[in-house]
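A look at the structure
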Amino acid sequence: MASEEELFASVDALLNEEPHLPPPAERARLREAAGITQARLATALKTTTQSVKNWENDRSEPKSPRLEAYQRLLKGWAAKYPASGAVPAAAPAPAASTKPAASRVEAADAPQAPSVPAAAPARPASPRPAATSRRPATKKAAQPAADPRFPHGPLAVLDGEGCAYGVDGIVLDCPATTVVELVEWTLRESGLGASKLHRNGKDCDPLIVLTAAAAVKLGLPERLEGHEQRRSLRLAEDHIVVKQVVKAKWRLTQRGFGPWARIYRKAQGRERQCVRLAVLSWDALDERAWPGVAEMEPADVARVLGMYARRVITPRGSTAVSGLDLMTALRPPTRAVRDEATGNWVSAYNPGSLGTEPMDPAPPEATAEHPVVVDSGWSGGFLNEEAYQWVRPVDLLTDAECTLPYAVGLDLNTAFLAAAARLVVGLSAPDHFHAPTFNPKIPGSWLVDLSHVEVDPRLPSPFTPDGTRPTGPAWYQTHTVAYAQELGYNVAPLEAYLRRETGAYLDPWHDRLKNAYVDTLADLGVTKDLSDTEFLAAMERHKDTDPAMAAVLAAIKATVKGGIGKLRERPQGKKYKEGERWPALQRPTWRPDIRAAVISKARINMHRKLRNMATMTGLYPLAVLSDCVVYPSPGASPLDFLPYAASGKPQPGAFRLGPTPGLAKLEGVQSMLWAVDLMEQGHNPARHIKGGDAVLDEGE
C-alpha cells in the first residue's frame, strides 16, 4: 500500500501540472453567455482578438501567465452560467408526471434576479406543428445557458384560439380576450422574455405576435381601417382598445398603437414592465425583409422570429429599427459606478458608447434641412459618401470585350457589415480645424481637392458615387482621403471637422451579425469548407432548402442595411418644415458621420478589388451598383474569369467567392449583347442582372 507521503507527492504533482481549459466550444459558450465580445476579452487579457478566436476554434492555446488568468475567468463563468441541462448535485430529481407542469423559478439561490411568477402551462405538442425542415444536418454551435426567468423563450405567436406558439415547438395556453389581459398574462404568467445582450444593458421585452384572428379576438381591426389610420399607421386615440389600455394605467409610446406597439408601465425596482406587440395583418413584417413569413403558420412564424431573436435580437419593429437598437443593446450608453462620496451606485457614461445625449453633426455631415445647416446659413457643401451607381461609357468598350458571350454579376455579401469591422469612428463632438495635416487614423470630414488623382477611365473614380472625376475641393470622409494617399498622391486638406475621442463602436454589432449571417447560411447548407464550385451550387439551391431559415437570412441582411441607414434617418411627413428638429434627432444614434464612414469604407473596398482585378486579369467592369459588379466573361460562371493561383487557391486582393461578409457570390448571368444594349440606353446592367430590379443599398 502506498504511504501517505507518496500519495501527497502524487497529488502535489497533479496540482503543479499546467492548468486544463474546457473544450474550445465551451469557452465560446461561456463567453457568449456572459455577453462579452471576443474583442473585449482580448483587451482584458492583453492579447489580440485573433488569439481569442484561435483559442475558441482549437487552433492554439494561451501561454502562462495568460493561461492561468483565462482559466480563472472561465471557471467563474462556468459557475454563473452552467451548461444547459446541467443539474446541481444537491438538487433532487423531480418525480415523473404525465401532466404538463406550470414552470416556476425560485430566486432563493440567485438574489440578483427578480422573482418570476408561475409560467403559463405548456402543451407537450402543437395541434399545428411547424413544417418539417428539409435543411441538411449541420454541427450546432453551443447555445448560451437559458435564463431561468424566461423559460419559454423571447416571444410567442398568438392565434385566434388562444394558442401562443413559442420557440422550439412550445405552445402555451393564453386565456386573454383583451389587449390589457394579454399584456398582464405576458408579464405574469407566460415566462417570455430574453436576457440582456450586455451586462450593462437591459433585458429584451417579451414580444407577442398577433395573427389576424388573434387581433380580431382582442378587439382590434383585422386591418387598419379608414384613411386616417392607414395614413398614420396606427389606431385613433379614441379607439376602444386604446381607451382600455389607458384606463388600465398602461401607456403607449408616441408612435401609438400601430403594427408594432409598445405597452408599458414605469419599472418597479429592477423589474421592467413592458410588452411589445406586432400585428401580422397590419404588415408588421415587411415582405422585403421577411419574405413569405406573414403567410406562414403561427408555429413557423415563431420559428423564424425565434431564430432571429436568438442570433440577432428580439424584433422590436422593422429590421432597420432592430438593427439600430442592436447597436445600443451591445454598447449600452450607461453603466453602474460607485459614488465614492456616498457609497451608492449611480449611472455613469459607459466608455465606448454614444452616451445618452444626442449630438449635432458638423455642418458638412448634416442634411440640408438640419437645424445646424439652416440656422447657421451653411453653404460650404456636404459629404457625398454614398454607394456606387456607375456605368462605364459605351465608347470605352473594346471589340474584344463586346465579343465575349456573357455578362456575369458578382454580389458582395453584406458589404456594409464587412466595412463595419474594426471601423474606428468618432465618439465625441466634432471640432473645426483650418489647414490641418491629414491623418488617416482620425475619423472625420475633410475638405480637400482630389481632382488631380488619375484613375483608369475604365474604372469608376473612387471618390464619387457616380464614378466621375472630382472637379475641385469637396468634403470627404477619412477613408476616402486615405485611399488617395494609398494611390500615391499628396493630399492637402483646407478644412476639417474631426473628433478627438474615437473607438470601434460597431465592432460588437459586426461580430454578432456576422456570426448570425454565417451560421444561418450554414443551416442552409452553405458552409465555409466548400470549394468554389460547391459554394456556387449550394448558393443556387439554398433558398429552397428551408424557406423559414431563408427568411431569417433575408432579415439579417435587411438588419445590416437598415441599421446603417437609420444612422441618418430623414424627416417624414408633409407638414415638416426645414430647420425644425424631427424626432430622430433626439436620439444619440442619429450619427450621419458613422453612416458616411461605413459607406465610404465599403466603396473604397470595392474600388480596391476592381483595381486589383484589372491588374491580375486585365478585365474591367461594365457597371457597379452598390455591392454588385458586372464583368464581361468568356463563360457563364465566375470561375471563368476570377483569378486563381497555380495551386488553385483564389488570388488575394481580388474578388473571392465564399459565404462570409465581404466575399462574393453569383448575382446573375445575362448575355453580353443584353448588357451592351442596356448601357446604350443609359441603364445600369447591375440593376437588372439578376432578372429584375436590384435594390440600391444606400443605407436609407
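Preceding block: the structure.
Basis of the calculations
- Residues numbered from 1 in each chain as written.
- Predicted model: local features only at pLDDT ≥ 70, side-chain atom pairs only at ≥ 80, totals over all residues.
- Heavy atoms only, no water.
- Core = buried A, V, L, I, M, F, W, Y, C linked by side-chain atoms within 4.5 Å.
- Buried < 20%, exposed > 50% of the residue type's maximum accessible area, 1.4 Å probe, protein only.
- Helix = DSSP H or I, 4+ residues; strand = E, 2+ residues; numbered from the N terminus.
- Contact = heavy atoms within 4.5 Å.
- Pairing = 2+ DSSP bridges.
- Axes fitted to C-alpha atoms, helices over the stretch in contact; angles between N-to-C directions.
- Salt bridge = Lys/Arg side-chain N within 4 Å of Asp/Glu carboxyl O.
- Disulfide = S-S within 2.5 Å.

**Focus on the nonpolar core**
Nonpolar side chains tend to gather and get buried jointly when the protein is soluble and globular. Core analysis: the largest hydrophobic core is formed by 92 residues, its most contacted members being Trp290, Leu506, Trp509 and Phe655. Here the element with the most residues in this core is helix H18 (residues 547-566); it accounts for ten residues. Leu506 has contacts with Met327, Ala420, Leu423, Ile594 and Val598, leaving out every residue within four places of it along the chain. If you look at the next biggest cluster of nonpolar residues, it comprises 32 residues, including Val180, Leu218, Leu220 and Trp282.

**Description of the sheet that holds strand S20 (residues 628-633)**
Spatial strand order, S11-S19-S20-S12-S21: five strands in an open sheet with antiparallel pairing. The outermost strands of the open sheet, each flanked by one partner alone, are strand S11 (389-391) and strand S21 (664-671). With strand direction ignored, the average angle separating the axes of adjacent strands in the sheet is 20 degrees. Across the sheet, helix H20 (residues 672-680) touches S11, strand S12 (406-412), S20 and S21, and the angle it forms with S21 is around 85 degrees.

**Here's the deal with the pattern of salt bridges**
Applying the stated rule across the entire model yields 29 salt bridges. Among the ionic pairs, Arg311 bridges to Asp523, the shortest N-O distance being 2.7 Å. Note that Arg311 is positioned in helix H10 (residues 298-311) and Asp523 in helix H16 (residues 507-523), a separation of 212 residues in sequence. As a salt-bridge pair, Lys665 and Asp411 come within 2.6 Å of each other at their nearest N and O atoms.

**Re the environment of Trp390**
Along the chain, Trp390 turns up in strand S11. Expressed as a C-alpha distance, the spacing of Trp390 and Ser626, which sit 236 residues apart in the sequence, is 8.9 Å. Beyond its immediate sequence surroundings of up to four residues, Trp390 is in contact with Arg458, Leu459, Pro460, Pro465, Asp466, Gly467, Pro621, Leu622, Ala623, Val624 and Asn684.

**A short note on the state of the cysteines**
Two cysteines joined by a covalent bond between their sulfur atoms form a disulfide. One pass over the full model with this rule turns up zero disulfides. Cysteine Cys163 is unpaired, with the sulfur of Cys174 as its nearest cysteine sulfur at 9.6 Å. Looking at Cys163, the relative accessible area reads 2%, which means it is buried.

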